[in-house]
Each structure stands twice: as C-alpha cells, then as structure tokens.
Amino acid sequence: MSFKVAGLHIAVIVASLIFSVAAQARTINLVGFGDSLMAGYQLAPGEGFPEKLQAALKADGKDVTVANAGVSGDTTTGGLARIDWSVPDGTDGVILELGANDALRGIPPEESEKNLDQMITRLKVRGISVLLVGMMAPPNMGGDYAERFNPIYRKLAEKHGVALYPFFLDGVVLDAGLKLEDGMHPNARGVDVMVEKMKPAITQFMGTFPSVKN
C-alpha cells in the first residue's frame, strides 16, 4: 500500500470517528406531553416532572433538554387536537402521558385508546420516538371500567412497538406524604420519587435514538 493510499485510509477513519463522536454528543430533545401530572400542577417553577427529569439526566452526564408540554385538565381528545403543534420539529422523543382525566370523567376507554393510537401514529410518521406512559382507572369507576381502561397502554405499546412505562404515579399514589392536599397530584417530593423510578426507563429509551450512546 502506498503512503498516499495509506494516508487516505487514515483520513477516512479519523473523519468517521469525529462524525461518530459528534453524533453521540449531540443534544437530545425530549418533550413531556401530558396533563396536570406532567404540567406540574400547583408546583413552583422548576419542580415539575420535565424540569426535574432534565436536571437528573444532566447530573448523570446526559446532554438533554426536556420540554414541558403538559396542560392541566387535558384529555386524550385535547391531546390529539394539539399533538402536531405542541411537539416541535427536531424532537427526538416524546414521553406521552395522557388518560387520567379520561378515566376521571368516565370517557369510554375505547375512545381514549383510539385517541392515543392516533397520537402515536402521528409522532411515528414524523420520525419521533414515543415512550408511552400508562395510567390506571380510579377505584370509584368500578371494576368493569378498570378492566377496559387499564390494558389499553400495553395493547398500544405492543401494537406500535413503542416503549412502555406502566404507571406514571408508581411509588406515589399510595403515599399521602408525596401528594398535594387534593390527594391526586404529586408534590415536589413526589415528583422526585417519580423521576428516580422512571429515570432508568428514560435512559434506556434515549439509547434507542439514532446515533445516541447510552
């Protein structure tokens, strides 16, 4: 091999390494899309789930932004109506958390499932990855409603091949000390618990993005 050819090979290798490192080092753009649980209902600035998740991921050395696209009171119908313009171009992944208000209002689970199905489809068409976040029907809705509502998240995750975090309020829902006085929304300490429990799933989720290294 001539020096000229060898030099060319070395240049190609170096360029490839530089490109790879640059791709892995790029900022990851996430959007937390949901209702009051995502929006940070009655919490101080910086105490909402997206903000605390971003801080926790950055503390782990991740170059990531987590935008807060939560709207208090939102249902899956409302989410479907705003999903296109609430998630900007350039978003790598969406943490999709909706359905709690549907259950509280007794909206037919089949309607909630259809709306979530369409949201996931629209995001995938845009090349945006989805982490679907499950909710559970409140006990006062009765067993029949829960049997129809609770499984929709796993069904949709399997249908679309997207990641699933089974229950957003895991570790919080049964602890009054981690919730606001309304007994439904997490307080700042509750959000900390949610972030800590969900962070491994988020990290694994980000590792599936193109040119992103865990």
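Owing to the predicted nature of the structure, the values given are computational and were not obtained by experimental measurement. (Residues numbered from 1 in each chain as written. Predicted model: local features only at pLDDT ≥ 70, side-chain atom pairs only at ≥ 80, totals over all residues. Heavy atoms only, no water.)

Chemist: Lay out the nonpolar core with the relevant residues and their values.
Modeler: Formed by 57 residues in total, the largest nonpolar core has its most connected members in F33 and L96. The biggest single contributor to this core is helix α9 (residues 188-206), with 7 residues. (Core = buried A, V, L, I, M, F, W, Y, C linked by side-chain atoms within 4.5 Å. Buried < 20%, exposed > 50% of the residue type's maximum accessible area, 1.4 Å probe, protein only. Helix = DSSP H or I, 4+ residues; strand = E, 2+ residues; numbered from the N terminus.)

Chemist: Help me get a handle on the packing of aromatic side chains, residues and values and all.
Modeler: The relative placement of two aromatic rings is captured by the distance of their centres and the angle of their planes. Per the stated rule, a full pass over the model turns up 4 aromatic pairs. For the ring pair Y145 and F149, a centre distance of 5.9 Å and an interplane angle of 15° mean the geometry is stacked. With Y145 and F149 both in helix α7 (residues 143-149), this residue pair falls 4 residues apart, about one helical turn. Residues Y145 and F149 agree in their burial class; the two are buried. Arranged with centres 5.0 Å apart and planes meeting at 80°, the rings of F205 and F209 form a pair that is edge-to-face. The class for F209 is buried, based on a relative accessible area of 3%. Members of the aromatic cluster, connected to one another through ring pairs, are Y145, F149 and Y153. Sitting above the plane of the F33 ring, R82 keeps its charged end 4.1 Å from the centroid. (Phe/Tyr/Trp six-rings, centres within 6.5 Å; stacked < 30°, edge-to-face > 60°. Lys NZ or Arg CZ within 6 Å of the ring centre and 35° of its normal.)

Chemist: Explain the confidence of the model for the protein chain residue by residue, including any values.
Modeler: Averaged over the protein chain, the pLDDT score is 90; the fraction of residues at 70 or greater is 86%. In the predicted structure, residues 11-23 sits below a pLDDT of 50 and forms 1 contact with residues beyond four places in sequence or in another chain. (pLDDT = per-residue confidence, 0-100. Contact = heavy atoms within 4.5 Å.)

Chemist: How would you explain empty space enclosed by the protein if you had to name every residue and give the values?
Modeler: Per the counting criterion, the structure on display carries 1 cavity of 30 Å³ or more. A per-class count over the lining of the largest cavity returns 6 nonpolar, 4 polar and no charged. (1 Å grid on protein atoms, 1.4 Å probe; cavity = no way out; pocket = protein on both sides within 12 Å on 5 of 7 lines; lining within 4 Å. Points joined across faces, edges and corners; volume = space filled by probe spheres on them. Nonpolar A, V, L, I, M, F, W, Y, C, P; charged D, E, K, R; others polar.)

Chemist: I'd like a description of the pairing of strand β4 (residues 129-133), backed by residues and values.
Modeler: Within β4, 4 of the 5 residues are buried, which leaves it mostly tucked inside the rest of the structure. For strand β3 (residues 93-97) and β4, the ladder comprises 5 bridges, and the chain directions are parallel. Each bridged residue has a counterpart across the sheet, and for G93 the counterpart in β4 is S129. In terms of strand pairing, β4 meets strand β5 (residues 163-165) through 3 bridges, oriented parallel. When the sheet's bridge partners are listed, V133 is paired in β5 with Y165. (Pairing = 2+ DSSP bridges.)

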